[in-house]
Amino acid sequence: MTIADNCVVSIEYELTEAGGSDVIDSNIGQAPLDYISGKGQIIPGLESQLTGLSAGEKADVKVNAAEAYGEMNPEAVDTLPKEQFAGLDLQVGMQLYGQGENGETVTVTVKEFNDETVTIDYNHPLAGKDLMFSVSVVNVREATPDEVLSGQIGGPKDSGESCGTGCGCH
């Protein structure tokens with residue numbers, strides 16, 4: 001079975017910055033990452049390049065910044081009064097978590113600070129970076145109708161019959 005829209009895909013991966021060797025993230029030796037293809041659950045550039053692969057296949061996938069976490073947005077940097085960070089042992093590069101305007105969790109990175117102000121960056125830490133994924137496809141199966149509708153993996157157990165979703169897995 002090959003990866004197509006509405007397939008449940010399980011992968012192991014190791015992530016580095018393109019051209020670098022330092023591992024940024026990895027799930028090797030841990031539970032595979034599961035996602036439903038075509039639902040936007042992983043970064044677009046990785047998802048599109050995994051389409052057509054089958055269980056057991058491996059690939060080195062370079063994903064340009066625009067297809068990963070986006071380009072750096074210089075307008076996503078803000079300088080705030082230091083008193084808003086009272087009680088924190090600030091360090092350049094540290095990540096802080098807060099609440100956005102709509103109640104969502106927001107991650108910011110401390111860019112610099114002095115006695116009066118703190119400059120924070122709302123860009124994703126990997127924004128503006130080309131990424132290299134070393135991926136191993138562990139499993140590919142058709143998503144159940146419930147999984148297709150909900151976008152959540154783990155609906156009724158697969159009976160082995162075609163799910164009738166027209167997912168195109170083969």
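Calculation rules
- Residues numbered from 1 in each chain as written.
- Predicted model: local features only at pLDDT ≥ 70, side-chain atom pairs only at ≥ 80, totals over all residues.
- Heavy atoms only, no water.
- Helix = DSSP H or I, 4+ residues; strand = E, 2+ residues; numbered from the N terminus.
- Rg over C-alpha atoms; globule rule 2.2 N^0.38 Å.
- Pairing = 2+ DSSP bridges.
- Contact = heavy atoms within 4.5 Å.
- Salt bridge = Lys/Arg side-chain N within 4 Å of Asp/Glu carboxyl O.
- Buried < 20%, exposed > 50% of the residue type's maximum accessible area, 1.4 Å probe, protein only.
- Axes fitted to C-alpha atoms, helices over the stretch in contact; angles between N-to-C directions.

Chemist: Quick rundown of the overall build of the protein? Include the residues and the values.
Modeler: Across its full length, the protein holds two helices and nine strands. For the protein, the sequential pattern of α-helices and β-strands runs β-β-β-α-β-β-β-β-β-β-α. Taking 170 residues into account, the globule formula puts the C-alpha radius of gyration at 15 Å, and the protein, at 20 Å, lies well above it. When its C-alpha atoms are laid out on the principal axes, the protein stretches across 65 × 35 × 30 Å.

Chemist: How would you sum up the pairing of strand E7 (residues 105–113)? Please name residues and give values.
Modeler: In terms of strand pairing, strand E6 (residues 95–99) meets E7 through five bridges, oriented antiparallel. Directly across from tyrosine 97, in E7, lies its bridge partner threonine 107. Here E7 runs beside strand E8 (residues 117–121); their pairing, made up of four bridges, is antiparallel. Bridging from a neighbouring strand, phenylalanine 113 pairs with valine 118 of E8. Counted between consecutive antiparallel strands, the loop separating E7 from E8 contains three residues.

Chemist: Could you give an account of the side chain of serine 136, naming the residues involved and the relevant values?
Modeler: Within the fold, serine 136 resides in strand E9 (residues 131–142). In contact with serine 136, other than residues within four places in its own chain, are Ser10, Ile11, Glu12, Glu57 and Lys58.

Chemist: Please set out the pattern of salt bridges residue by residue, giving values where relevant.
Modeler: By the definition in use, this model includes two salt bridges. In this structure, aspartate 121 and lysine 111 form a salt bridge, with 3.7 Å as the shortest nitrogen-oxygen distance. Taken together, the positions of aspartate 121 in strand E8 and lysine 111 in strand E7 put the pair 10 residues apart, joining distant regions of the chain. With relative accessibility at 3%, the residue aspartate 121 sits in the buried group.

Chemist: I'd like to hear about the pairing of strand E1 (residues 7–17), residue by residue, with values.
Modeler: Across the 11 residues of E1, eight count as buried, placing the element largely inside the fold. Sheet topology note: the E1/E9 ladder contains 11 bridges and is antiparallel. Of the residues in E9, the one forming a bridge with valine 8 is arginine 141. Of the strand pairs in this sheet, E1 and strand E3 (residues 33–36) are connected by four bridges, and their pairing is antiparallel. By the bridge assignment, valine 8 is partnered in E3 with isoleucine 36. Connecting E1 to the next strand, strand E2 (residues 23–26), in antiparallel fashion are five residues, including glycine 19 with a positive phi near 85 degrees.

Chemist: Could you give an account of the sheet that holds strand E5 (residues 77–81), naming the residues involved and the relevant values?
Modeler: Strand pairing in a sheet relies on backbone hydrogen bonds. The paired strands run either parallel or antiparallel. Taken in spatial order, the four strands of this open sheet run E5-E8-E7-E6, and their pairing is antiparallel. Two strands close off the open sheet at either side, each with one partner strand: E5 and E6. Taking the axes of each pair of neighbouring strands and ignoring which way they run, one obtains an average angle of 40 degrees across the sheet.

So far we have only geometry, and geometry alone does not tell us how the molecule works.
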